[in-house]
Amino acid sequence: MELIQALNVQSRVVSALILRETRSRYGNSKLGFFWALFEPFAHIATFMLIFTAMSRAVPVGDSMGVFILTGIIPWLLFSNIVTAVMGGIEGNQSLLGYPQVMPIDITISRIILEAATLVIVFVFFLIVFVNLGFKIEIDDMLSMLSAVGVVIILGAGVGMINAAIKFYYPSYANIYSAFSRPFYFMSGIFFTADFLSPELLKLIDFNPVLHIVEWFRSGFYTSFNSTFYDVGYTITVTSVIFVIGLMAERATRKRARQI
Amino acid sequence: MIEFRNVYKSYKLKNSHKIILKDISFKFPEKKNIGVLGVNGAGKSTLLRLIAGTEFPDSGKIIRSGHYSWPLGFSGSFHPTLTGIENLRFACRIYGADIKEVTEYVEAFSELGRFIHEPIKTYSSGMRSRLAFALSMAIDFDVYLVDEIMGVGDKGFQDKCRAAFKEKSEKSSIIMVSHDMNTIRDYSDVALLLTGEHLEIHEDVDKAIEMYNSLTHKSAPAAA
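Residues numbered from 1 in each chain as written. Chains lettered and ligands numbered in written order. Predicted model: local features only at pLDDT ≥ 70, side-chain atom pairs only at ≥ 80, totals over all residues.

> Looking at this structure, I do not really get the interface of chain B and chain A. What am I missing?
One widely used convention gives an interface's size as the accessible area the parts lose upon coming together. At the junction of the two partners, chain B supplies 19 residues and chain A supplies 19 residues. Per-element tally for the side of chain B that touches chain A: the top contributor is helix 2 (residues 84-95) of chain B, with four residues. Taken together, the residues of the side of chain B that touches chain A sort by class into eight nonpolar, eight polar and three charged. (Contact = placed C-beta atoms within 7 Å. Helix = DSSP H or I, 4+ residues; strand = E, 2+ residues; numbered from the N terminus. Nonpolar A, V, L, I, M, F, W, Y, C, P; charged D, E, K, R; others polar.)

This is the structure:
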């Protein structure tokens, strides 16, 4: 009974927070949703330009744009959720003045908003590509959704760990952003794992985002089935990071509420 | 009903530890308006936040039943970049109150006029407390937790607050912190004296104020 009541309050809080976050991101200026579309567009356009100049063939499928899109969406899911969770308390500190608003509610609402945004952006770009005359056939929807689910949990875990560290060492945000940058180039956004030499692949195959991108693309393309990605490994790493994230959140929860 | 069981609360300062409550077991008197007295830094606001549940004790338990307001104070729970109306809607959603009804009530009570559509960061502290008051009055609580903001605004607004509380006094009570002894006398049935680590309840508010005055005089030279 008490649990049902608590869940009821929490769902009210989370939905109120989602509305508030949506409003502050997309409501007050027309630029908000434009930016959500522009970010992946900028990545796609840059790589298309570079690869056209290098006259490199499309690794999979018949469109370079679609190929980059299927890499950039899982990547942005990861990195945007990390950033959103990291800055969650900062952006909502005053709302913790309500007893029923807990730091975890802010985290949950931000994850939902980021994930929903990127799923909509993905569908939007697919529609654009179809209208441009590209044939899009989704091979295995369940596989894609699983990869998306895992990357969301991974991003949430890393974000919560970061938020806890940042709580004690505010300058950590800069360190993380420098540290995470190379991962952009190690996550298979503009290449597939089999494109790399075995030696090189060995160096970066610990990166769970690379596994997730390959997983996502294998689900998307009929003509592509990666033998690289390891579902067991990816889920194990993700679970460990997520549990550590939850513990870090728990450890800092009390202090985070002190205003 | 609110009860503290072996509650311990302290703050870590840069070079020391400030103890607010030390192993306090205490049952707050029910259905009585309580004025909380204590010298600066004794932890009155912290006590209010512990009661509200916006802060947690270091150890011990706080048992609470009934509907408690958030601490109505200057620091507030309003988001600075959202407008008054947006903050109002947020509060309605988390408390499950009817947005339309609350909006109408707050617009009439708060006297904010067009400012209700402006971001909170543009508000004066008086305007913030008017909004906090109006909003908390529109949502029914069993206990209102008031941190210092009683006695703001002009006399007309103060009278309105008094009338609103009076109307609610059958069902609701107040736990308030104030530096203004007239406000404490005005509203409180009993006084709670916070003497650094301990809580004392006094049925006689005037006597408690006297004790509080002697405490402040004692601590005044040290503060200077």
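> Looking at this structure, I do not really get the nonpolar core. What am I missing?
Side chains of a nonpolar character, in soluble globular proteins, are inclined to be buried together. A:L77 and B:L37 are the most contacted members of the largest nonpolar core, which has 114 residues in total. Broken down by element, this core gets its largest block of residues, 16 residues, from helix 3 (residues 64-86) of chain A. B:L37 has contacts with B:I184, B:A191, B:L192, B:L193, B:L194, B:A208, B:I209 and B:Y212, leaving out every residue within four places of it along the chain. (Core = buried A, V, L, I, M, F, W, Y, C linked by C-beta atoms within 7 Å. Buried ≥ 20, exposed ≤ 12 C-beta atoms within 10 Å, placed from the backbone.)

> Can you help me understand the environment of B:G35 in this one?
With respect to the element layout, B:G35 can be found in strand 3 (residues 34-38). Residues contacting B:G35, with those up to four places away along its chain left out, are B:M176, B:S178, B:I184, B:Y187, B:S188, B:A191, B:L192 and B:V205.

> Got a minute to help me understand the sheet that holds strand 5 (residues 143-147) of chain B in this structure?
Adjacent strands of a sheet form backbone hydrogen bonds with each other and so pair up, either parallel or antiparallel. All names here are of chain B. Strand order in the open sheet made by the five strands is 5-6-3-7-8, with mixed pairing throughout. With partners counted over all chains shown, the strands left at the sheet margins are strand 5 and strand 8 (199-202), one partner each. Pairs of neighbouring strands in the sheet enclose a mean axial angle of 20 degrees, with direction left out of account. (Pairing = 2+ DSSP bridges. Axes fitted to C-alpha atoms, helices over the stretch in contact; angles between N-to-C directions.)

> Mind showing me how you'd approach the sheet that holds strand 4 (residues 59-64) of chain B here?
All names here are of chain B. Taken in spatial order, the three strands of this open sheet run 2-1-4, and their pairing is antiparallel. Looking at strand neighbours, the two that pair on one side only are strand 2 (17-27) and strand 4, the edges of this open sheet. The sheet shows a mean angle of 25 degrees between the axes of neighbouring strands, direction not considered. Sheet topology places strand 1 (residues 2-12) next to strand 4; five bridges connect them, and they run antiparallel. Across the sheet, the residue bridging to E3 is I63, located in strand 4.

> Even after reading the chapter, I still don't get the pairing of strand 6 (residues 173-177) of chain B, so can you show me in this structure?
Successive side chains on a regular strand alternate, one facing one side of the sheet and the next facing the other. Residues and elements named next belong to chain B. Along strand 6, five of the five residues are buried, which leaves the element largely enclosed by surrounding structure. What you see with strand 6 is no split at all: S173, I175 and V177 on one side and I174 and M176 on the other are buried throughout. In terms of strand pairing, strand 3 meets strand 6 through three bridges, oriented parallel. Along strand 6, the bridge assignment pairs I34 with I175. Bridge analysis of strand 5 against strand 6 gives five bridges, and the strand direction is parallel. In the sheet register, L145 faces strand 6, and the bridge partner there is I175.

> When you look at the domain arrangement of chain B in this model, what are you seeing that I'm missing?
Residues and elements named next belong to chain B. Split by domain assignment, chain B resolves into domain 1 (1-69 + 143-153 + 165-224) and domain 2 (77-140). Of note, the centres of domain 1 and domain 2, computed from C-alpha atoms alone, are 26 Å apart. Contacts between the two partners involve five residues from domain 1 and, on the opposite side, five residues from domain 2. Looking at the side of domain 1 that touches domain 2 residue by residue, the class counts come to three nonpolar, two polar and no charged. (Domains from an automatic or database assignment.)

> Whenever I open this one, unusual backbone geometry confuses me. Can you help?
The phi angle of most residues is negative, glycine excepted, and most peptide bonds adopt the trans form. At A:S55, a position not held by glycine, the phi torsion is positive, near 45 degrees. Within the secondary structure, A:S55 is located in the loop between helix 2 (31-53) and helix 3. In this structure, B:K31 takes a positive phi of about 55 degrees despite not being glycine. Mapped onto the elements of the fold, B:K31 is located in the loop between strand 2 and strand 3. Given 13 C-beta atoms within 10 Å, B:K31 falls into the partly exposed group.

> What should I look at first to understand the packing of helix 6 (residues 141-168) of chain A against helix 9 (residues 208-220) of chain A in this one?
Residues and elements named next belong to chain A. Contact geometry of helix 6 with helix 9 gives a least axis separation of 7 Å together with a crossing angle of 160 degrees. Taken together, the axes of helix 6 and helix 9 lie roughly antiparallel to each other. Considering how the two elements wind past one another, helix 6 and helix 9 form a crossing that is left-handed. In this structure, helix 6 contributes M141, S143, M144, A147, V150, V151 and L154 to the contact, and helix 9 contributes P208, I212, W215, F216, S218, G219 and F220. Residues of the contact of helix 6 with helix 9, tallied by class, amount to eleven nonpolar, three polar and no charged. (Parallel < 35°, antiparallel > 145°, perpendicular 65-115°, else oblique. Left-handed = near helix turned anticlockwise from the far one by under 90°.)

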